[in-house]
Amino acid sequence: MAPRTNARGLPARIKQACAVLGAAGLTAVAPASPAMAGADSPKPDFRPLPLTAGPNILWVVSEDNSPYTVGAYGDPLARTPNLDRLAARGIVYRRAFAAAPVCAPNRSTIITGRYASSLGTQHMRSRRSLPDNVGFFPEFLRAAGYFTSNNAKTDYNTSTPETAAWDENNKQAHWRHRRPGQPFFAVFNFEQSHESRLHERQPLLTDPAKVRVPAYLPDNPESRADLAQYYDCVTRADTAIGRILAQLAEDGLAEDTIIFYYSDNGGAVSRSKRFLYENGTQVALIMHFPEKYRHLAPAAAGSSLAELVNCVDLAPTMLSLAGLPVPRHFQGRAIAGPARSPAPAHTFMFRDRMDERYDLSRAVTDGRYRYIRHFLPHLPLGQHLDFLWKQASMRQWAGQAQSGQLNALQRAFFEPKAAEELFDCEADPDNVRNLAGEPAHRDTLDRLRAALRGHLLSSRDTGFLPEAMMIALSGASSPAVLAAQDTAYPLARILDLVDSCQLGQLAPTALASALTDPLPVMRYWSIMGALSLKPMPDLSAGLTDSDASVRLAAAEVILRHTRDPAAWRVLAAAL
C-alpha cells in the first residue's frame, strides 16, 4: 500500500520536506536541551510513514486529579480498578508534573511542546496567537499518515486555530472513523473528575471520616465532604475510561496500541488546582506498551519510575513513538521511543493570571525539594476567585479566616506570600513548612534558585510583561516574538531588579535609574519592586507615565501606603 500523507489543509510549514534530516522518515532526532531553542528555530519535517509503520496511540485524560486519588499510587481510599489494571501491566511515573496547575495553560504547553510561559499563552483563557513556526504537534502525526481525533476538549489557550491538528475534533470523534489499516492518534477527555463536580453535593460513596485533611485546610465537615466527593468523582472518571479501553479490546486493537493515561493538572479541592504546590502540579501518568511495541518502552511492564517528567514532554514523546523527528523548538524531551533522552535534574512550572485574578509565580523541583518564587508576594494566594469559591470547603475556609478561627498554617493562604518558598516534599507533602530561611537548606535553595533563573532566561519567559502591556506591545503577533528581543525585553535586567528589591537591597541610585528607564517594562518592575523597600521611594512620577500598566502599578503601590487623591484618579480614569 502506498504511503498516505493525509496532509490536506495543513500549514505549509508541515507540508514542506526538509532534506537535511536525512533519508529515513523513521529516523528520530533528539530535541535540543529542554530549555531551549528559541521561538525562531526552524521546524523539521519528515517523509510520510507507511501505514503499517507506526503504532496506534491512545490517550485517556482525566481532569483535575492528583495521583493520590488513583489506586496505583497507593492510597487505600482510591477506587480506580481500570487504571490500576493498566498500571499493573504498564509503567507508572511517580514524579510527573503539569507545567501549570490549571487546564488551559497546561494544555497549551502539551499541544505545542513548549511551555506556555514562553509563548505568552500562560494566562487563563488567553487569546494570544502562536509564533508562525509553532503549531500543534498532532499536525506532524496527521501529515505522516495518522488519523488524529480528539473527543472533545481542546482549551489550548490561544487564538491560533487547531483545525490542522485533527481529522475529527468533536464529541463523536473516534478511531473507528479512520480508513482501514490507518494508524491513529486518539484522545479522549473525561470531565467526571473536574473541579465543577464539587459544586453540587451528591450522595457520597467515600466515607468523609476516612479522608485525610491536609494541614493547610481546616478539619470541618465541608472540607471532609469535598475531599470524599473528589474520590468519588475520580472513580466515575475511571469507569468512563474503562469503557474506552473495553472498546479498544472489542475492536481487536489492544495489541497494536500504546496507551497513555494522565491527568491534565492536580486538584481539585481548595489550594491544589491553580497553585504551584505539590498537589496542584503533580499528575498521574501511566503508560502501557503491548508486547509488539515493548522495544519502544522506557522500562519493563510493571515498573514504577522516579524520573522527572513534565507535560511538556508529551509532544516529543508522541513523535518519537511514531518514528518521526522531534522539532528542535520543542522544550521537553522524549520519554519513550528511539528519541528518548535522559531525565533532567529539574523540571519547571508556572502560575500567572487565574481566571479574574492576577499573579506571577514560578516553581522548580528536583523530585524531592520544591522551590517556588513569588514575584508578586504582596498578593495572597487566597484572592477571591468566583469559580473556586463555588466549593463549599473554600467558602467555609474563607469564612473561618474572616472570623479568626484558623491556626497559622491554615491562615497563611489568606496572607501575603513569602517571596521564596522551599519545601521538602517527602517530609512535608502538604508543603506547609517553608525551609527557605533555614541555614541548613541554603545550598538547596541556591541550587534551585539558580536552576529556575536559568530556565526563565533560556525559555524567554514572557510572564514579566504585564498582560495588558504584552498585548499592547505584541499587537497581532505572538508575544514570544517580542520576548525574544533582549533590547525590548531585557529579562536578565528585570530579574536582577526584582531580586534586588525582594531578596536583597536595591541601591537608591539603581532604583532611580530604573524608574526613568526608556522601557515601560523596566519602569513597571521598578515600581512593583518598590513594594518590598523601606522606606518606599517617591513613585508619584509613575502616575503620569505614558504606559497604562505603569500608571496603574504606581497607583496600586501608593494606595497601599496612603490615600493619595491623584492615585485614586488614575484608577478612576482606567476604569
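Whatever comes next refers back to the structure up there.
Summary of the structure given here. (Residues numbered from 1 in each chain as written. Predicted model: local features only at pLDDT ≥ 70, side-chain atom pairs only at ≥ 80, totals over all residues. Heavy atoms only, no water.)

## Comments concerning the sheet that holds strand 10 (residues 347-351)
We apply this condition: Should DSSP find at least two bridges between two strands, the strands are regarded as paired. Starting at the N terminus, helices and strands are each numbered in turn, a helix being any DSSP run of H or I of at least four residues and a strand any DSSP run of E of at least two. Orientation is described by lines fitted to C-alpha atoms, with helices fitted over the stretch in contact, and by angles between N-to-C directions that extend from 0 to 180 degrees.
Ordered by their spatial adjacency, four strands build an open sheet running 10-11-12-13, and the pairing between neighbours is antiparallel. Strands at the two margins of the open sheet, each flanked by one partner only, are strand 10 and strand 13 (420-424). Ignoring strand direction, the axes of neighbouring strands in this sheet form an average angle of 15°. In this structure, strand 11 (residues 361-365) lies alongside strand 12 (residues 369-374), joined through five bridges in antiparallel fashion.

## A look at the environment of Arg-197
Just so we agree on the cut-off: We call two residues in contact when some of their heavy atoms are within 4.5 Å.
By secondary structure assignment, the location of Arg-197 is in the loop between strand 5 (184-190) and helix 5 (221-250). Each C-alpha atom, one on Arg-197 and one on Asp-232, is 10.0 Å from the other, the two residues being 35 residues apart in sequence. Sequence-distant contacts of Arg-197, defined by excluding residues within four places in its chain, comprise Glu-191, Gln-192, Gln-229 and Cys-233.

## A look at the nonpolar core
Quick note on the threshold: Remark: nonpolar core denotes a set of buried residues (Ala, Val, Leu, Ile, Met, Phe, Trp, Tyr, Cys) joined through side-chain atoms within 4.5 Å. Residue burial is assigned from relative accessible area. The probe radius is 1.4 Å, only protein chains are included, and a residue is buried under 20% of its type maximum, exposed over 50%, and partly exposed in between.
Counting residues in hydrophobic clusters, the biggest one holds 57 residues, and the most contacted among them are Phe-464, Val-521 and Trp-525. Here Trp-525 is in contact with Leu-360, Phe-375, Leu-376, Phe-464, Ile-494, Leu-497 and Val-498, once residues within four sequence places are set aside. Among the nonpolar cores identified, the runner-up in size contains 50 residues, and Phe-140, Ile-258, Ala-297 and Met-318 belong to it.

## Focus: the packing of aromatic side chains
Here is the rule we go by: Each pair of aromatic rings taken from Phe, Tyr and Trp, with Trp reduced to its six-membered ring, is defined by centres within 6.5 Å and is described as stacked if the planes are under 30 degrees apart, edge-to-face if over 60, and tilted in the remaining cases. Charge-over-ring contacts are defined here by two conditions on Lys NZ or Arg CZ: a distance within 6 Å of the ring centre and an angle within 35 degrees of the ring normal.
For the structure on display, the rule yields 20 aromatic pairs. Centroid distance Phe-140 to Phe-330: 6.5 Å. Interplanar angle 85°. Geometry classified as edge-to-face. Of the two residues, Phe-140 is situated in helix 4 (residues 138-143) and Phe-330 in the loop between helix 7 (314-321) and strand 10; the sequence distance between them amounts to 190 residues. For the pair Phe-140 and Phe-330, one class covers both residues: buried. An aromatic cluster of at least three residues, connected via ring pairs, comprises Trp-59, Phe-137, Trp-166, Phe-185 and Tyr-262. When the ring centre of Tyr-277 is taken as reference, the NZ or CZ atom of Arg-271 above it lies at 3.8 Å.

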